[in-house]
Structure formats: structure tokens, C-alpha cells
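Geometric and topological summary
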Amino acid sequence: MEDNKDLLNQNETLENGETESTDALNEELEKIAQTFREELLKAQSEQAENDGCEEVSSYEETGTQEEEIQEEEIPEEELCVRCGENLRDKEYGESYEYCEECREKMRRNPIGFSNILIAVLMCVMAVLSVVTFSEDFEGYYYAYKAKTLNDDKMLSSAVSFYDTAINYFESKKLTPKNLYLESAEIIFKTMPQGTASMGDVSDRISTALSGFASKLPVYKKSVDLRNESLTLYGTMEKFYGIMNDTKYLNYSIDNVEMYNSVMADVEAMIGTELSIKSIDGETAETVIINEGMVRFCQYMFAYTSERYDEANKYLEKVYELEPDYLWLYAYELGVIHIKNGELEKAEEIAEKILDNNREETDGYCIYSTVARMNGDTEKAIEWADKGLELCPEDSELLRIKAMSYVAAGDFETAKTVIDEALNYNAYGLLYYTAIVIENELGNTETVDEMLMILENGGLSLSDKMYDYFGGKITAEQMFTEGTGDVE
């Protein structure tokens, strides 16, 4: 205030001092205005920070500072990953990803509303999933068990669990598409019921891929498997059609001319076509008959006509054409190798069989027979027991085991084993083996009863069995020499 009084006094006493007085006043007013501008700028800066907005200034000196910052181009790798505009906060090191401004915003609002909403939805979905899984736990368990068994190459048991799981979900009005497709692949690898299994493969895939799904590229492999299965089935049907032709109704194995005629008709199947309907039934696809199956049909006809050497040649062709069709040729080829004394080749076949399916008893039968033919009855029994651990009611494995006990001279144990086998099944080879065992034990009445059963079934003794009863070979020789079997 004292300065203002002095200025007033000076204005009163100075002559022509109007200009000096005006300049002093303007200078003082400018100081006040500058102070006001600085306070206003400070208030605006704080307001912008609190509102989470960028600080804007209309003053010339602030604008100049912003232009200088914008002129300095920031490398992309140093930009804040959140806003993509500001320089990362170097205070936290080169690996820090956020600028100071974004860091402050995230500190104030660490979880946005949208994130909270997503978290709530995730919790709701998790609860619903747990409830749904709990309701269908039984079905999921069966499916898990099936997949585990499949991975362990326990294919027979795997199919059983697949079917249980499928039935469970079907009862819930659901179509377990993947379970149908996976089980179809396993059945194709094993074909446990022959031509019936071929139809089963087709039905499972058709059920899973009904309608538009069958046209999707992702399911091409399954559709191709269905077509392949139907091709095999169609090939067998055409063969049976030839065999049922009226001109072959009176066929006998001694009729060479008729035999050659049948073989010529079957041979003519190769290269011919079949028509397969699509899954939706709207279109049809033309496919070529499977030659491997044709050769197997020729093998069966030659074998039943007792032309064994010719039959073996056809089976070798099956192996050459379709080595993956173990279910079609493997056991028969293994037996042929054994009969030819090619025991190492027989073991190779057995290994392939078990590598495909550990529950396939044919592999254990071949391994056991090879050991018995090599004179190692202990190992032969061990191989049979390995198979019986997985398939305890398999009659053929029990028969193979009984034959090993005969070769070892233990007829009492052999009888126990063969009696168990007869409890589960009854067929020619089983009775022939039982007859040898009963005869060695002196049970003539039982032998006569079994011979009568065979006769009533239209079966007669093999040449090897006649040699045994004629005293030309012993029971031990029956199961360790030649074919190593009763035939």
C-alpha cells in the first residue's frame, strides 16, 4: 500500500508525468494477471488429472511445450501397451510396459466393470458345468475308461465301455458323436464278428454323421472308413452270391471242373464296381471291389475244398495286398507258418497281432504253439496263461493250454483244462483234443460218447487222428510234430 501512495503523490507533483504513471500501473496489473494465469493453469492441470483426461492448455507457452514433445517420435517398442501413445515409465526398467499416466489410472481402477461382469459370467458357467458334469458323471466315466483302454491297446474291453457310454448318453436323448466314431475305428481294427462288424462300423458312423456333418472335410476320414467297410461287405456279398448260384448247388470237392469254374467266377470279381449310398441316402458313390477280400474268398474256397497248398498262396496274397487287415489273415497265416516249420515267421505274426490288440487271443495261441513245437512246454503254458488272464473264458486258449500239458505228459491237468473249455464252447477241434486226452486216461466210454457227437454233427476223424488210434504216433507226437494239432 505504501508503494501505491508514493505513486499517487508522484503523479500529483510531477509535471507532464502522465506517461510514467500509466506505465507503472500497467506493469503492476500485468504482474497480477500473470499470477492469476498461473493459478488458473495449476487448477486446470489438477482437474484434468483427477478426471483421467489429458491436460489441455490454450496458452501459448503450454502449447509450445506439447509441440516439442510431439515432435520427438517415440519408437514403437517403447510405447505404452495400454494407451499406445505415451513413453513407458523408465523408472521400472526396460521390461515395464506401461506409462506413468496409465499406471496411475490402473492403480485407481484396477478392475473395470466389464472385467467384473466377465468374472461373474465365468463363475456362473463354471457352476453350470460342474452341475452338468455331476449329473452325467457316470457316462463320462465310461467314456474315459474306454479311451484309456484304447490307449492301452485293450481294444475288446474298450469297445465294451464305449457301448456302455453310448447307451448312457442315448438314454439322455443325446447322440455321443465322438464315441460312435472312435468305437467304429476300433471295431474296424478287430472285426470281432466278421461281416456283421463291417455293417456295425457303417451304422455307427452313419449315426454320428447323419445329415450335413458327413459333408464336412473334418469328417472325411470317418466317411472313408465307412465306405471302405461297405466295400468289404459288398465284396463278400458278391462272393456269396456266386457260391449260391444254382449251377453250384451240387458242388463237391472232387469235382475239379466245377471247382475251376467257381474260382474263375471269383477271379472275375477283381476290378469290378460296387455302388455305395451316401450317409444321407441322396447320392451314391461307385467304388472298386477290394482285391484283398477277393483273395481271402479264394483262400476260404480252396481251403474248404482241401486244396491247402493253393489256399496258402491266396492267403499270402491277402497279406501282400492288405497287411493292415490283421483280422482277415493273421491267425491263418501264422498257423501256415507253423505247419511249414517257419516258427520265427509265426512269432512275427503273433507280435503284430498283440501290438494291434493285447486282448486278441490269436496272438497268445500262436506264441504258445511255437513254444510247444520248440519243446518248451513250460513257456507254452505261460503264454497261454498270459492270454487267459485277459480272456479267462476263451475256449481255444484253454485247448492250446491243454495240448501243452499233454506234450508235457500231464494228462490229469490236461483233462481239467479241456473240461473247462468244453463248459464254455463246443466245436470239432475241441472234441478231437478232448478225445485224445480221455483216451490217454483210459476213459473209453467218454471217448465213444464224443465220437458219437462228432458223427452226429457230420464230422469225421482226420488222418492224423486215425494215425494216433492206429498207434503210429503218440499223444505227445500229435501235439509236437507236423502241424502240432489234431488235424
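Let me sum up the structure you'll find in this document. Owing to the predicted nature of the structure, the values given are computational and were not obtained by experimental measurement.

A separate point is the overall build of the chain. When helices and strands are counted, the chain shows 23 helices and two strands. Across the chain, the fraction of contacts at a sequence separation of at least 24, relative to all contacts at a separation of at least 6, is 51%. Summing over all exposed atoms, the chain offers an accessible surface of approximately 29300 Å²; the carbon and sulfur share of this is 50%.

Core analysis: the largest hydrophobic core is formed by 111 residues, its most contacted members being I205, L209, M293, I366, M465 and M478. If one sorts the elements of this core by residue count, helix α7 (residues 155-171) sits on top with eight residues.

Here we take up the side chain of D485. Positionally, D485 belongs in the segment after α23 (475-478). Leave out the neighbours within four places in its chain, and D485 touches R399, M403, K464, M478 and F479.

What follows deals with the pairing of strand β1 (residues 273-277). Only one face of β1 is buried, namely the one carrying L274 and I276, since none of E273, S275 and K277 on the opposite face is buried. When β1 meets strand β2 (residues 284-288), the two strands line up antiparallel, connected through five bridges. The residue of β2 that forms the bridge with I276 is E285. The loop that links β1 with its antiparallel partner β2 comprises six residues; one of these, G281, has a positive phi angle of about 75 degrees.

In the structure shown here, the tally under the stated rule is 17 aromatic pairs. Taken together, a centroid distance of 6.5 Å and an interplanar angle of 45 degrees make the contact between Y142 and F161 tilted. Of this pair, Y142 sits in helix α6 (residues 137-151) while F161 sits in helix α7, placing them 19 residues apart in sequence. A relative accessible area of 24% means that F161 is categorised as partly exposed. Ring geometry for Y251 versus F301: centroids 5.2 Å apart, planes at 40 degrees, classification tilted. Taken together, the positions of Y251 in the loop between α10 (220-243) and α11 (256-267) and F301 in helix α12 (residues 291-304) put the pair 50 residues apart, joining distant regions of the chain.

Where α11 contacts α12, the two axes come as close as 10 Å, and the packing angle between them is 170 degrees. Taken as axis vectors, α11 and α12 run roughly antiparallel relative to one another. Residues Y259, V262, M263, V266 and E267 of α11 form the contact with α12, whose participating residues are V294, R295, Q298, F301 and A302.

The subject of this paragraph is the environment of S202. By secondary structure assignment, the location of S202 is in helix α9 (residues 195-208). Since its relative accessible area comes to 6%, S202 is described here as buried. Spatially, the C-alpha atoms of S202 and F188 are 9.7 Å apart, while their sequence positions differ by 14 residues.

The rules behind these values
Residues numbered from 1 in each chain as written. Predicted model: local features only at pLDDT ≥ 70, side-chain atom pairs only at ≥ 80, totals over all residues. Heavy atoms only, no water. Helix = DSSP H or I, 4+ residues; strand = E, 2+ residues; numbered from the N terminus. Contact = heavy atoms within 4.5 Å. Areas by Shrake-Rupley, 256 points an atom, 1.4 Å probe, with all protein chains shown as cover. Core = buried A, V, L, I, M, F, W, Y, C linked by side-chain atoms within 4.5 Å. Buried < 20%, exposed > 50% of the residue type's maximum accessible area, 1.4 Å probe, protein only. Pairing = 2+ DSSP bridges. Phe/Tyr/Trp six-rings, centres within 6.5 Å; stacked < 30°, edge-to-face > 60°. Axes fitted to C-alpha atoms, helices over the stretch in contact; angles between N-to-C directions. Parallel < 35°, antiparallel > 145°, perpendicular 65-115°, else oblique.

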